[in-house]
Structure formats: C-alpha cells, structure tokens
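# Fold and contact review
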Amino acid sequence: MSKEKANNQKKTNNSSKTAKQKSSQSASRQNKKQQSSRSKKSNGSKGAAMRAQRRTHDDAQRIIDQYATAKENGNRSNGNQANKQEDRANKIDDSPRLKIIGLGGMDGGGSKNMILVEYQNDAVVMDCGNDLGVDLPGINYGIADVTYLEKIKHKLKAYIITHGHLDHIGGLPHIVPKIPAPIYGSKFTIARVEEVFSNFGPPLPEGFSLDTVAMNEDTHERLKIGQFFVELVRVTHSIPGSTVIVLDTPVGRLVNTGDFRFDPKPLDHERTDTDRLKELGKEGVLALLSESTTTERPGRTPTESSIEQSFIDIIDNAPGRIFVGVFSTNMNRIQMIVNAAVHHGRKVVMDGRSMVSTLEMSVRHGFMKIPKGTFVPIASAGNMKDEELIVICTGSQGEPSSAMQRMSNGEHRHIKLKEQDTVILSSTPIPESGNDARIGDMIDDLLRKGVHVFRHETHEIDGCGPLHVSGHASIEEYREMIQMTQPRFFIPIYGSYRSKQRHIEIAVEEGISRKDTINAENGEVIELTKNKMEVTGRVPVGTVLVDQTGAIVNSVVIKDRLLLSEEGLVAVILTIDKKSSQLLTSPDIISRGFIYMRDNEELMTGLRSELKRAVAQRFKRVDLDRFKQELKDHVAHYLYEHTQGSPIVIPVVNIVNPGKPQGGNGHDKKAQEPEKSAEEIAAEQQKRFEEMRARLLGQDARTD
C-alpha cells in the first residue's frame, strides 16, 4: 500500500470512527432525553397519584369531620379556648351566673338533643338523645360526646326529659351508666326510658342501677334538685306524655318547650296546658328555650283528628288487605287506626319490634284502649280473608330493615304483598334526614307489585283526605308560645341554624329585643344574669358513633370504610428469604372492590414484575419499615398510572429465615436434636410457607 493510500485509508477510518462516535454520542443524548422524559413522566404521574390519594383521603375526612368527637374537634379548632374551659371545669364556680350549654341539638334538624344547665356546683341535663340520621357505613346512630360532662360529673344532679322520642332519650343507655344521676320525666316518658334500657344491646356496667322519677304533669308537681326546682307542663306532640320543662334557678326561670304543637282536639283529649304556660309568663320567665324544627312553615299545624275520616274512607273502599306504615311511637295514630279497624270489623296485626314493644308498654300503663280480640298474631295473617285484615307496621321512612321495607322487596317472612293490596304511608320524610330517596325506592317496589299506595304528599291527586299531621308547631304556634311565656331572653334550640334564625325573627316580631336573642352553636357557653345574656366561651363537643350492636366505633375505622367504599383495596404479599434476599415465590396480589383480576391479567403481570424489581433493587438497601412504605407508594403509583384509581394499598412482607433456631437456646436445641439435611430443611420451609400463604390469602387470589 502506498503512503498516499495509507493516509487516505487512515483519514477514512478516522472519519468513520468520528461518525460512529458522533452517532454514539447522539444516541446517548437521545437515550438521556428519553430517560429524562420517562423520569419526568414518571415523576409527574407519581405526583398525580399522590394528589389523587390525598383528594380521596380529604373527601373521606370531610365526611368524618361532621361526626368528629370532642377531642378531634378540639385538636382542629378553638383548642386554646376549649382547653381553658376544660381547666375550669373541675373548679367550683362561685360567680352568680347561670350557664346554658348545648351539647347536642343546636344544629341539623335537631338530633342527639342534649342541653346542660350549670350553676355554681350544681348541674342538670335536659334531654339526652341520639341521631338516627347518620349516613355512614356500619353506623346505626350517633350520640353527643360528653367529654365536658364527664369533667363536671360531680355537679350533675339529674337528667330531665321532655318526651320519649329517641332523639331525646336514645343517648341515655350510653351516657347515664358512665355519669349516673336520676332521670326525671312524665309517667309515659319514664316508661319509655325504662323500655329503652331493657332493650339495650350491650351489657350495662356491673352494679349500675337505673334511677327514675315519674312526675305528674297534671298536678304541677314541683321537685327540688340541688339548687333548682323542676316542674313539667303537659304539651301536645306526636307521642303521649310530652312536656315542657320548667326549671327554676337562683338566677331566674328557664322554660324548655321540648317538641310541641298546640292541637285543639287531640285524640287522647290531652290538650296543651296553656293556662299554666300563661301563669308562668305572668310570674316571670328569664329565658325561653324553644324548639325550632318547623319555623319555616306558615299558619298552624292541623289537629290530629283531621285525618281520622281519611282512614275510614280508604278502608271503606279498599278491595283487599290494608297495610299502614306509621311511626312506632305515635300511639294516638295507632289508636285511631285500631278504632277504624274495629268499626269495619277487621282484625289487626302489628309488625315491627319497636312498635310492638311501645304498644305493650302503652297498654300496660293505660295509655291505649284495645278491645279484646282485636289483635291477631302475624303468623296467622296468611290464613285470613283479605277483607278481614289490617296490618300496622313500621317503615314509613323507608328504613332498610323495617317491616314495610321487607314487604316491599319480598323478604318478609310471613306476608307477601299482592295485587289489590292497599298501603297507606301515614307520615312525611323527617326533616334533614335525607330519607326521601329511600321512601321513593320503597314506593317504586310497592307499585311494581300492583299495590295501591296512598301517601300524604299526593293525597289530593289520589282522591283521599290528608294522611298525616306533623307533631311540630307552625309559625303561629311558635309565636303563641312566646306570647304566653313572655320571656326576658330567647334561645331557639333543637333545629338547624336557619330554622333557629327564623325563630329569632318571630321573637323579634313579638317584641323581644334582638340583642336578647342568641342563635347558639353546640358547645357555646351562654351565661345569664337577671339582666344580661352573652356567649362567653366554648366547651368541647362532638359526636360518638354507635354500630348496630350498640358498640362505640372509632372514626378512624369509619374513614377506612369510606375509603374502601370509594376505591377498594389491593394487598400485595411478598415472602423473602432473609439470607439470599430473594423472593421464594411469585408475589401474591389480592384485589377487593378495585378491579376484577381475571379481566386484568396483563396489569397484574406487570405489577408482579414491578414487585420483583423492587425487591431486587431496594430490599437490601433499606430497613423493613422503609421498604414497606416505598413498596406501598410504588404500588399506588403503578396502579394510578394504569387505572387512574387510588385504592388502599396494604403491603405484607414475610421474612423467612430457615437457619435461625426458633426460641430457647439454639446451641442446646441443636445438641439435643439430630442435624437435618438441606433437603429436610427445604421441605419444612416449603411446608411452613404454604401454610402461611393459605392463612394470608384465605381464598383464590385471582378473584375479587
């Protein structure tokens, strides 16, 4: 080869080498760009996954916050003021001020009603109810958090109850055993209280004895309780024995109306004792605490007697069996239906545990009059002629386990609805309860069966008279209560903020100065002297959640249930050899409420590959807790990237160490037992792993 050719060849080689280097550098830069792009994309999707998880958790937290305990509320807001109040709670207050504190019932539609009255070293509680409108998974109702009451329990002298509805007495079995004091109420109310305690699910504390005092509201009986005097005044409502609480204190007289209406012709002839209310007004009332459930309804509430003819007319024209859904405690309504059944020669079946229990108590105490032979057992209903039967049952609010609901969906044990049956829903949805949708679904199921349905909301187009009257007052009756009692100060209670504000406007129209009214929230401390009323602070308040068994449920558990209901759960189970840091088997994955794994095999295969890679790259480098947290984040990121879903992720990591002795002195044990071969050790290890895996999985991991 000539020198010139050699130089040319060298130049060609150098040029080729340079081109290759440039190409390699370009490819390297391209790879780096792609890696950077993938990294940015991964980081972006990881951030989106984290934000999605945060949104899901925040949504669940906002729901739970509506039912937070006193401690949780105190941690979030007003902590210093609440703590300051807590510090004062155990000290004797010598100031001549009367304190009124709503521990419940000052929000929503009026539920878990509970008002504390405190003066120096004495205190009483007026009403102690529950909230049946709690819509959370596995929760039956809520009760008031009594953290503050526990701190002043040495002051508590009595529980005084206005009437026997559960939103006024349902909290007693939970609270009274912890903070005992006698329970005062009318004869019927006390019978209801004793009934609630006898039907309470969880066992009461050993040594606890229920102490009740039945008062006579007709004789204006007046009893001394600490520095207070209490009197009950008869008032009409939708349950017998309803009363106004009159509490005379060293500062002045308080009047708590409880739930009321002014029915001029009640079926039981027990009219509101308006004469006594007027006398109280003339004697002087420091503050009127008036319920505010329906202050946005104009006029006056119709009398109960106005619906009696409606039942008679429907029964006259009904071609077959008649079913009437009513509130279980509305004994006047039930008496009216029984009277109509007797008039038409029909037998009556009662269905619904709470209704039957209340009816038995009412008959036993003489509050209802039932002709002999009127009732027949529900098991006999199927053997009777259609035109001979009326069934009175619970479920007018569409409650999931109620008698009417079970009949509508075909799950009732004794009764199957059929065409030409007639159903009367003698109620309207409870305000603020959200029952409308459930009632609507139940009516749809009834109509699908060819049943004739009559309800109050559509009575005019159905061609019948009214089928329900409210147990609560309307505007003119709220106005009349203020006129009769002539209070110095006015505090609306037992209602939503807007309904209480409307009540204040009514009071102002009746001549009460706006500065002498307070629309108080739960926990606000209202202090009164003879001439002044003001909010001076707060005490911790909240809601305690109760499940179907009567047990208290922590809000953390409910938050997890909400998250599960929204996004589901994915559990990944890894079994790793400690010595080699290798997976002993392919990762197990369990999905519940997230995706159906058999329809997503490619996704699951990719996730298993990611889990194997995570073990290989990170298990040796970080401690176990850190590894599990990284695993959790990585799985959440992977699932969000491929599904846009954010399930709860539970990583389970089992470390298997076959060489480590199990307990005791390893050397002694080794000396006593013959040394096992590698095959025997491996076989035992495999057996233990299979048993562990079976316990963890419980069932086929490939299915939902």
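With that out of the way, let us pick up the packing of aromatic side chains. Here the structure, examined in full by the defined rule, presents 5 aromatic pairs. An angle of 85° between the planes, with centres 5.6 Å apart, marks the rings of Phe 260 and Tyr 478 as edge-to-face. Note that Phe 260 is positioned in the loop between strand S12 (253–256) and helix H8 (274–283) and Tyr 478 in helix H15 (residues 475–485), a separation of 218 residues in sequence. Exposure remark for Tyr 478: the relative accessible area of 0% places this residue in the buried category. In this structure an aromatic cluster arises from ring pairing among Phe 260, Phe 262 and Tyr 478. Arg 222 extends its terminal NZ or CZ atom over the ring of Phe 229, reaching a point 4.4 Å from the ring centre.

Membership of the largest hydrophobic core comes to 34 residues, with the highest contact counts inside it found for Met 114, Leu 116, Leu 149, Tyr 159, Leu 172, Ile 175 and Ile 183. If you tally residues by element for this core, the top one is helix H7 (residues 187–198), at 4 residues. When near neighbours in sequence (up to four residues on either side) are disregarded, Tyr 159 contacts Val 125, Leu 149, Leu 172, Ile 175, Val 176, Ile 179, Ala 181, Pro 182, Ile 183 and Tyr 184.

Moving on, we come to helix H17 (residues 555–567). For an α-helix the count is 3.6 residues per turn, leaving residues at separations of three or four pointing the same way. With 13 residues, H17 extends 18 Å between its outermost C-alpha atoms, agreeing within 8% with the 18 Å of an ideal straight helix rising 1.5 Å per residue. Among the residues of H17, Ser 555, Ile 558, Lys 559, Leu 562 and Leu 563 are the ones counted as buried. Along the axis of H17, the buried positions cluster into a sector of 140°, meaning they face one direction only. One side-chain oxygen of the residue at the start of H17 lies 2.8 Å from the amide nitrogen of Val 556, identifying that residue as Asn 554.

Using the criterion set out here, one finds 32 salt bridges in the structure. The partner of Arg 253 in a salt bridge is Glu 283, with the nearest N and O atoms 2.8 Å apart. In this pair, Arg 253 sits in strand S12 while Glu 283 sits in helix H8, placing the two residues 30 residues apart along the sequence. Arg 253 gets classed as buried once you look at its relative accessible area, which sits at 13%. Since its relative accessible area comes to 48%, Glu 283 is described here as partly exposed.

Quick look at the sheet that holds strand S17 (residues 422–425) now. Pairing is parallel across the open sheet formed by 5 strands, whose spatial order is S15-S16-S14-S17-S18. The sheet is open, and its two edges are formed by strand S15 (347–351) and strand S18 (452–455), each paired on a single side. Strand-to-strand twist of the sheet, defined as the mean angle between neighbouring strand axes without regard to direction, takes the value 20°. As judged from the 4 bridges shared by S17 and S18, these two strands associate in the parallel manner. If you follow Leu 425 over to S18, its bridge partner there is Arg 455. Across the sheet, helix H11 (residues 353–364) is in contact with S15 and strand S16 (389–393); its angle to S15 comes to roughly 120°. Relative to the sheet, helix H13 (residues 436–448) contacts S17 and S18, its axis offset from that of S18 by approximately 150°.

Put simply, helix H9 (residues 308–317) and helix H10 (residues 331–343) touch, their axes get as near as 10 Å, and they point 40° apart. Regarding the angle of H9 to H10, the classification is oblique. The handedness of the crossing between H9 and H10 comes out as right-handed. In contact with Glu 308, Phe 311, Ile 312 and Ile 315 of H9, H10 contributes Arg 333, Met 336, Ile 337 and Ala 340. Partitioning the contact of H9 with H10 into residue classes produces 6 nonpolar, no polar and 2 charged.

The sheet built from 6 strands is open, its strands ordered S9-S10-S11-S12-S13-S19 with mixed pairing. The sheet is open, and its two borders are formed by strand S9 (222–225) and strand S19 (487–493), each paired with just one other strand. Neighbour to neighbour, the strand axes of the sheet diverge by 20° on average, direction disregarded. Sheet analysis places strand S11 (residues 243–248) next to S12, joined by 4 bridges and oriented antiparallel. Among the inter-strand pairings, Leu 247 is bridged to a residue of S12, identified as Leu 254. The strands touched by H15 within the sheet are strand S13 (285–291) and S19, with S13 carrying the most contacts at an inclination of about 165°. Packed on one face of the sheet, helix H16 (residues 497–509) meets S13 and S19 and runs near 160° to S19.

Now for the environment of Val 193. Following the sequence through the fold, Val 193 ends up in helix H7. Not counting residues within four places of it along the chain, the set of residues in contact with Val 193 comprises Ile 169, Leu 172 and Ile 183.

At a closest axis distance of 10 Å, the pairing of H15 and H16 adopts a crossing angle of 55°. Put simply, H15 runs oblique to H16. By crossing handedness, the relation of H15 to H16 is classed as right-handed. Contacts from Ile 475, Tyr 478, Arg 479 and Ile 482 of H15 reach H16 at His 503, Ile 506, Ala 507 and Glu 509. When the residues that make up the contact of H15 with H16 are grouped by side-chain class, the tally is 5 nonpolar, 1 polar and 2 charged.

Another point: the side chain of Asp 259. Within the secondary structure layout, Asp 259 lies in the loop between S12 and H8. Buried and without a salt bridge, Asp 259 has Arg 297 as its closest oppositely charged side chain, separated by 11 Å. A polar atom in the side chain of Asp 259 sits 3.5 Å from the side chain of His 163. Polar contacts involving the side chain of Asp 259 include one to the side chain of His 168, which spans 3.1 Å.

With respect to the secondary-structure elements, Leu 611 resides in helix H18 (residues 601–618). Exposure remark for Leu 611: the relative accessible area of 0% places this residue in the buried category. With 39 residues separating them in the primary sequence, Leu 611 and Val 572 have C-alpha atoms 8.7 Å apart.

In this section: the confidence of the model for the chain. When the pLDDT values of the chain are averaged, the result is 84; 81% of them are 70 or greater. For residues 661–672, every residue scores under 50 in pLDDT, and the model assigns this stretch 2 contacts once sequence neighbours within four places are set aside.

Looking at the secondary structure, you find Asp 275 in helix H8. The spatial distance from the C-alpha of Asp 275 to the C-alpha of Met 484 is 8.9 Å, given a sequence separation of 209 residues.

Criteria and cut-off values
Residues numbered from 1 in each chain as written. Predicted model: local features only at pLDDT ≥ 70, side-chain atom pairs only at ≥ 80, totals over all residues. Heavy atoms only, no water. Phe/Tyr/Trp six-rings, centres within 6.5 Å; stacked < 30°, edge-to-face > 60°. Helix = DSSP H or I, 4+ residues; strand = E, 2+ residues; numbered from the N terminus. Buried < 20%, exposed > 50% of the residue type's maximum accessible area, 1.4 Å probe, protein only. Lys NZ or Arg CZ within 6 Å of the ring centre and 35° of its normal. Core = buried A, V, L, I, M, F, W, Y, C linked by side-chain atoms within 4.5 Å. Contact = heavy atoms within 4.5 Å. Expected span 1.5 Å × (residues − 1). Arc of directions from axis to C-beta. Polar contact = N/O pair within 3.5 Å; in protein donor to acceptor, adjacent residues only side chain to side chain. Salt bridge = Lys/Arg side-chain N within 4 Å of Asp/Glu carboxyl O. Pairing = 2+ DSSP bridges. Axes fitted to C-alpha atoms, helices over the stretch in contact; angles between N-to-C directions. Parallel < 35°, antiparallel > 145°, perpendicular 65-115°, else oblique. Left-handed = near helix turned anticlockwise from the far one by under 90°. Nonpolar A, V, L, I, M, F, W, Y, C, P; charged D, E, K, R; others polar. Lys, Arg positive; Asp, Glu negative; His and termini not counted. pLDDT = per-residue confidence, 0-100.

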